[in-house]
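# Coordinate analysis (summary)
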Amino acid sequence: MSNKTSLWTKIFILLMLANAFSFFAFDILLPTLPLFLSNQSGFNTSQIGLVIGSFTFSAVFIRFFTEIFTSRFGRKKVLVTSILICLISTLGYYIANSFYLALSLRIFHGFGLGLSITILTTLAAEIIPNERRGEGIGMIGNGTTIALAISPFVGLWLINSYDPIILFITAGASVLLFLVCVSFISFPENQKSENQKDQALLQQIIDPSAIIPSFLILLMGVCMGGVMSFMALYAKELNIEGVAWFYFINTISAFLIRFISGKTFDRIGPVWVIVPSTISMIIGFILLYQSTTLYGLLSAACLYGMGQGALFPALQAWVLNKTTPDRYLKVTSMFYNSLDIGIGGGSAILGLVAAKINYSTIYLVSAFIMLAFLIVYSSSLFVNKKKAMTSF
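Heads up: these notes are all about the structure in this document. No experiment lies behind these values; they were computed from the predicted model shown.

Before going further, it helps to examine the nonpolar core. Membership of the largest hydrophobic core comes to 109 residues, with the highest contact counts inside it found for Met-220, Phe-285, Leu-315, Tyr-363 and Phe-373. Beyond its immediate chain neighbours, meaning those up to four positions away, Tyr-363 contacts Gly-226, Val-227, Phe-230, Met-231, Tyr-234, Phe-285, Leu-288 and Tyr-289.

Encoded structure:
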């Protein structure tokens, strides 16, 4: 008889569904909201850029205060409130006929999703058995992967075929399903350390154990920003058609690798996932830099997808393993903030590189960034091993 702790519990399945619905509601608006604001509200390019970009800044800002809010009001109340904020914002876009209203709604939306995803991820960390954390986080992340794969197609189909209100109702319905899933979950309030009340504000929002993983996910986010923002333009520069297949292969590779990488993480440790995944991304970026055909891009998509798909949940599981349950909320906030800052900053920095040279150089730079990632991670292992040896 197996003594393996069960992963596929009712709460785990509800969390996976809640995560998928939350990201579907957000991702369906990624390609469509700019179109709506341009066509229906008459916003210019700079106004649309400010509206869309404000989401990241508000999500990052609010996460610094997640632990403070949940300590005062309770996690369940803050989670439900944040989901309602997402619902109001999502439906409100339809009547956003002025720049300041649209900007306010987008900032409001960032507050809601920033809080809700942080709390949801923390809850997942608490209910997933420690010995299956890598596998569990990977499976929950697959809900996000599926949502990201199908939502843009659904969104573009809806906005091109029906009145835009159908798009926002569909997104709102997904937020409601998110709320329904959460309503069936009961969970304890956040655990507090004994000296939490005596800590300064900076100590309440930054955890030393999460600094290295957060820096690593920031570096990875910079590279992800380059892939997400410039792949279509790169393919256009190369006169390659069918770039949609790059995203498809990337998504499928990321989805499938998690059935292997999570179990590997749990059985033999994070090194055996993080190092090979980083190398896979480096090779993928080099292939992108050298590609001149669609098949070259697809080969790179496979390697990049496997690396990114395995590396993200491995880093998330690793940062949680480095701390205690009373700090899960804090380190999760740091982790996601670093990712968002990396993606946003990466899009801006690599965009400047492309403007000065060309799009292919973006991916050569990304390969060097991931090489720096590998050096930083390896150095942290060496330092920790040295500390362990000297402690005896």
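This is not the end of the story, as more comes after the structure.
Evaluation of the coordinates by the stated rule reveals four salt bridges. Arg-75 serves as the salt-bridge partner of Glu-126, at 2.9 Å between the closest nitrogen and oxygen. Here Glu-126, found in helix H6 (residues 99-127), pairs with Arg-75, found in helix H5 (residues 75-92); they are 51 residues apart in sequence, far enough to count as distant.

Before going further, it helps to spend a moment on unusual backbone geometry. For Asn-239, which is not glycine, the phi torsion reads 60° and is therefore positive. Tracing the sequence through the fold places Asn-239 in the loop between helix H10 (211-237) and helix H11 (244-268). The exposure class assigned to Asn-239 is exposed, which follows from its relative accessible area of 71%.

An α-helical turn contains 3.6 residues, so any two residues separated by three or four positions project in the same direction. Those residues of helix H4 (residues 66-73) that sit buried are Thr-66, Glu-67 and Thr-70. One side of H4 holds all its buried residues, which, seen down the axis, span an arc of 90°. Taken from the residues just after H4, Gly-74 is the one with a positive phi, measuring 95°.

Here we take up helix H8 (residues 164-183). Helix length check: H8, at 20 residues, gives a terminal C-alpha distance of 29 Å against a target of 28 Å (1.5 Å per residue), a fit within 8%. In the core, the buried residues of H8 are packed alongside helix H1 (10-27), helix H2 (33-39), H5, H6 and helix H7 (133-161). Measuring from the backbone nitrogen of Ile-165 back to the side-chain oxygen at the start of H8 gives 2.9 Å, which picks out Asp-163 as the cap.

Direction vectors running N to C along H7 and H11 enclose 170°, while the axes themselves pass 7 Å from each other. Considered as vectors, H7 and H11 are oriented roughly antiparallel to each other. On the side of H7, the interface is formed by Arg-133, Gly-134, Glu-135, Gly-138, Met-139, Gly-141, Asn-142, Thr-145, Ile-146 and Ala-149, while H11 contributes Thr-251, Ala-254, Phe-255, Arg-258, Phe-259, Gly-262, Lys-263, Phe-265 and Asp-266. Class assignment for the residues of the contact of H7 with H11 results in seven nonpolar, seven polar and five charged.

How each quantity is defined
Residues numbered from 1 in each chain as written. Predicted model: local features only at pLDDT ≥ 70, side-chain atom pairs only at ≥ 80, totals over all residues. Heavy atoms only, no water. Core = buried A, V, L, I, M, F, W, Y, C linked by side-chain atoms within 4.5 Å. Buried < 20%, exposed > 50% of the residue type's maximum accessible area, 1.4 Å probe, protein only. Contact = heavy atoms within 4.5 Å. Salt bridge = Lys/Arg side-chain N within 4 Å of Asp/Glu carboxyl O. Helix = DSSP H or I, 4+ residues; strand = E, 2+ residues; numbered from the N terminus. Arc of directions from axis to C-beta. Expected span 1.5 Å × (residues − 1). Polar contact = N/O pair within 3.5 Å; in protein donor to acceptor, adjacent residues only side chain to side chain. Axes fitted to C-alpha atoms, helices over the stretch in contact; angles between N-to-C directions. Parallel < 35°, antiparallel > 145°, perpendicular 65-115°, else oblique. Nonpolar A, V, L, I, M, F, W, Y, C, P; charged D, E, K, R; others polar.

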